[in-house]
Every structure is written in C-alpha cells, then in structure tokens.
Amino acid sequence: MPFGGVRQVQATHFRRRQLLAKKKARDRRVLRRLLAREGRREKDRVLQRLHRVSKALVTVGNRKRAAIILEDLTLRGAGGRSRRMNRRLSSWPRSEIHRQIEYKAALAGVPVIKVNPQWTSKTCPVCGARRRDRVGQDFVCLHCDWEMDRQINAGMNILKTALASNEALARAVRFQPGALRHDVVSPLYDLVRGGPSARDEPSGVECGADVVR
Ligand SMILES: [Zn+2]
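Residues numbered from 1 in each chain as written. Predicted model: local features only at pLDDT ≥ 70, side-chain atom pairs only at ≥ 80, totals over all residues. Heavy atoms only, no water.

*Asks:* Help me out: how do you make sense of the coordination of the zinc ion in this one?
*Replies:* Ideal geometry at a metal centre gives angles of 109.5 degrees when four donors are arranged tetrahedrally and 90 or 180 degrees when six donors are arranged octahedrally. Binding of the zinc ion to the protein goes through C124 (SG), C127 (SG), C141 (SG) and C144 (SG), at separations of 2.2 to 2.3 Å. What the four donor atoms of the zinc ion show is an angle range of 105 to 118° at the metal, which sorts the shape as tetrahedral. Counting gaps between the donor residues of the zinc ion yields the pattern C-x2-C-x13-C-x2-C. Judged by relative accessible area, which is 1%, C124 ranks as buried. (Donors = N, O, S within 2.8 Å, 3.2 Å for Na, K, Ca; no water. Tetrahedral: all angles 85-135°; square planar, octahedral: opposite > 155°, others 65-115°. Buried < 20%, exposed > 50% of the residue type's maximum accessible area, 1.4 Å probe, protein only.)

Here it is as structure tokens:
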C-alpha cells in the first residue's frame with residue numbers, strides 16, 4: 001500500500017534535526033525548543049498520512065466484506081542490523097498504523113486476525129521451502145519455479161498462516177497460491193512496481209545481514 005511519503009517526511013525531519021543540532025550546538029535551551037517543534041511537526045505529518053491509509057484500508061475491507069490480517073508485532077524479534085537500519089525500523093510507525101487499523105476496523109465491524117510474522121518474507125507459499133539468505137525485491141524459490149514480488153509473497157504467507165490457524169476461516173476461504181503461478185496477481189490496491197511510495201516500509205533487507213525474524 002502507498003503510504004503517502006511517510007519515509008520521505010521522516011528523512012526530511014531527521015536531516016533538519018541534525019542541521020539544527022549543529023547550528024545551535026552552543027545554545028542548548030534554544031536547541032531543545034527547536035528540536036521539540038521539529039518533532040511535533042513530523043509527528044503531525046506522519047499521523048495524518050497514516051490515518052488516510054488506515055481509513056482507506058478499513059473502508060475497502062468493509063465494502064468487500066473482507067477480514068484484515070495483521071502481523072502480531074509482539075512476536076517480532078530484532079537484532080543483527082546496522083545502526084542506520086535500526087533507526088529506520090524503529091522509526092517506522094508500525095504499531096501506530098496497527099492501532100489505527102484495529103480501532104477503525106472494530107468500529108466498522110471488519111474482523112482483524114493476527115498471525116505470527118515469523119518467516120513470512122522468507123517462505124515459498126507454494127512448496128513451503130525457506131530461504132536463509134537475503135531476499136531481494138522479488139522472492140525466488142530455490143526448490144520450485146515460484147517467483148513473486150517480496151511484499152505480495154509475504155502477504156500470501158500471512159494469509160496461509162491465518163487460514164492454518166483459524167478453522168472457520170479455512171472452511172470459508174480456499175487459497176492455492178500454486179494456481180496463481182501463471183496468472184496475473186491483482187492486489188487489493190494498485191501496487192506501483194518500484195514506485196516511489198509503494199515501498200515505504202523498511203524491510204530489513206538493506207542491511208545485508210541474514211535476519212531471522
Ligand atoms: Zn517453492
């Protein structure tokens with residue numbers, strides 16, 4: 001989903017804070033006040049964008065009588081990343097967007113299901129094989145000929161996990177990713193491949209380390 005440039009907003013304000021810290025290094029009182037103002041502005045701009053995203057998602061869920069599946073953030077581990085990557089990951093408002101989706105979905109009567117996020121980005125949804133090395137823009141399975149955009153691939157694994165953990169859901173929804181092998185997959189939203197805002201969320205890939213979530 002496009003996030004309306006949250007990443008760019010964060011980068012801009014990070015640069016501005018660095019600049020302020022350098023320029024006002026001698027006047028700590030003024031610096032503190034200016035930094036606080038920068039922080040407030042950044043937060044307002046990010047929250048406004050997240051509210052647009054969560055509202056759109058819940059509206060579509062309601063209209064299509066769909067359920068929303070989220071990764072259970074409490075099960076998410078971290079480690080082995082660079083300082084820069086850690087800043088990117090921790091500054092990404094993951095829990096805030098989940099909080100917004102959950103309360104808006106509850107108000108609209110859209111069911112929310114949470115699943116364990118482990119291996120979602122490194123598993124082949126067709127044959128179940130896992131990759132232990134880093135996954136690039138596209139997930140490529142080493143055991144079968146499955147190849148898919150990494151975000152959509154992770155989404156398929158999240159759906160599979162949800163179906164496996166919920167009997168009522170498994171009776172209602174049949175999902176066979178192998179059937180999509182030679183088909184065009186159309187996501188709920190227009191995913192602009194490689195577009196500027198479609199890939200806002202940091203994936204952990206950039207650090208180059210083998211991260212097991
Ligand atoms: Zn496979």
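*Asks:* Explanation requested: the packing of helix α2 (residues 28-63) against helix α4 (residues 94-108) in the structure shown.
*Replies:* Think of two packed helices as two axes; the pair is described by the angle between the axes and how far apart they sit. One can describe the packing of α2 onto α4 by two numbers: an axis separation of 9 Å at closest approach and a directional angle of 40°. Put simply, α2 runs oblique to α4. Read as a crossing pair, α2 and α4 show a hand that is right-handed. Taken together, the residues of α4 that come into contact with α2 (itself represented by L47, L50, H51, V53, S54, K55, L57, V58 and N62) are E96, I97, Q100, I101, Y103, K104, A105 and A108. (Axes fitted to C-alpha atoms, helices over the stretch in contact; angles between N-to-C directions. Helix = DSSP H or I, 4+ residues; strand = E, 2+ residues; numbered from the N terminus. Parallel < 35°, antiparallel > 145°, perpendicular 65-115°, else oblique. Left-handed = near helix turned anticlockwise from the far one by under 90°. Contact = heavy atoms within 4.5 Å.)

*Asks:* Honestly, the pairing of strand β2 (residues 112-115) in this entry has me stumped. Any pointers?
*Replies:* Two faces, one strand: in a regular strand the side chains alternate between the faces of the sheet. With burial as the criterion, only one face of β2 is covered, namely that bearing I113 and V115; the residues V112 and K114 on the opposite face remain uncovered. With four bridges joining them, strand β1 (residues 68-71) and β2 adopt parallel strand pairing. The partner of E71 across the bridge, within β2, is V115. (Pairing = 2+ DSSP bridges.)

*Asks:* It is not clear to me how the nonpolar core should be interpreted in this structure. Could you clarify?
*Replies:* Note that soluble globular proteins tend to have their nonpolar side chains buried in a common cluster. With 15 residues, the main nonpolar core has F3, V6, L50, I68, I97 and I101 as its most contacted residues. Ranked by residue count, the leading element in this core is α2, at five residues. By size, the runner-up hydrophobic cluster in this structure holds 10 residues, among which are C124, F139, C141 and I152. (Core = buried A, V, L, I, M, F, W, Y, C linked by side-chain atoms within 4.5 Å.)

*Asks:* What should I look at first to understand helix α5 (residues 150-165) in this one?
*Replies:* Because an α-helix completes one turn every 3.6 residues, residues spaced three or four positions apart along the sequence face the same direction. The first and last C-alpha atoms of α5 sit 23 Å apart over 16 residues, in line with the 22 Å expected at 1.5 Å per residue. Among all positions in α5, only R150, I152, N153, A154, M156, N157, I158, A162 and L163 are buried. In this fold, the buried residues of α5 make contact with β1, β2, β3 (138-140), β4 (147-149) and α6 (167-172). Two or three places before Q151, at the start of α5, stands the capping residue D149, its side-chain oxygen 2.9 Å from that residue's backbone nitrogen. (Expected span 1.5 Å × (residues − 1). Polar contact = N/O pair within 3.5 Å; in protein donor to acceptor, adjacent residues only side chain to side chain.)

*Asks:* Please clarify how the pattern of salt bridges should be interpreted in this entry.
*Replies:* Pairs can form between side chains of opposite charge whenever their charged atoms are close. Counted according to the given criterion, the structure contains six salt bridges. Where R131 meets D133, a salt bridge forms, and the shortest distance between an N and an O atom there is 2.5 Å. Under the relative-accessibility criterion, R131 is labelled buried at 15%. With relative accessibility at 35%, the residue D133 sits in the partly exposed group. (Salt bridge = Lys/Arg side-chain N within 4 Å of Asp/Glu carboxyl O.)

*Asks:* Explain helix α1 (residues 6-23) here, please?
*Replies:* Between its terminal C-alpha atoms α1 stretches 26 Å, which fits the 26 Å expected from 18 residues at 1.5 Å a residue. Of the residues making up α1, those classed as buried are V6, R7, V9, Q10, H13 and L20. Projected onto a plane normal to the axis of α1, the buried residues spread over an arc of 160° and lie on a single side. Away from the buried face of α1 by more than 90 degrees, exposed residues R15, L19, K22 and K23 are located. (Arc of directions from axis to C-beta.)

*Asks:* Hey, could you run me through the side chain of E42 in this one?
*Replies:* With respect to the element layout, E42 can be found in helix α2. Judged by its relative accessible area of 12%, E42 falls in the buried class. Of note is the side chain of E42, whose polar atom sits 2.8 Å from the side chain of R17. E42 has contacts with V9, Q10, H13 and R17, leaving out every residue within four places of it along the chain.

*Asks:* What's the story with unusual backbone geometry in this structure? I'm lost.
*Replies:* Residues apart from glycine generally show negative phi values, whereas peptide bonds are mostly found in trans. Here the phi dihedral of R65 falls at roughly 50°; this positive angle occurs in a residue that is not glycine. Here R65 is to be found in the loop between α2 and β1. In the Ramachandran plot, W119 falls in the positive-phi region, its phi being about 65° despite a non-glycine side chain.

*Asks:* Looking at this structure, how should I read the environment of V58?
*Replies:* Within the secondary structure layout, V58 lies in helix α2. Residue V58 is classed as buried on the basis of its relative accessible area, which comes to 5%. Residues V58 and G109, 51 residues apart in the sequence, show an inter-C-alpha distance of 9.4 Å. With sequence-adjacent residues up to four places away left out, V58 is seen in contact with I68, I101, K104, A105, A108 and V110.

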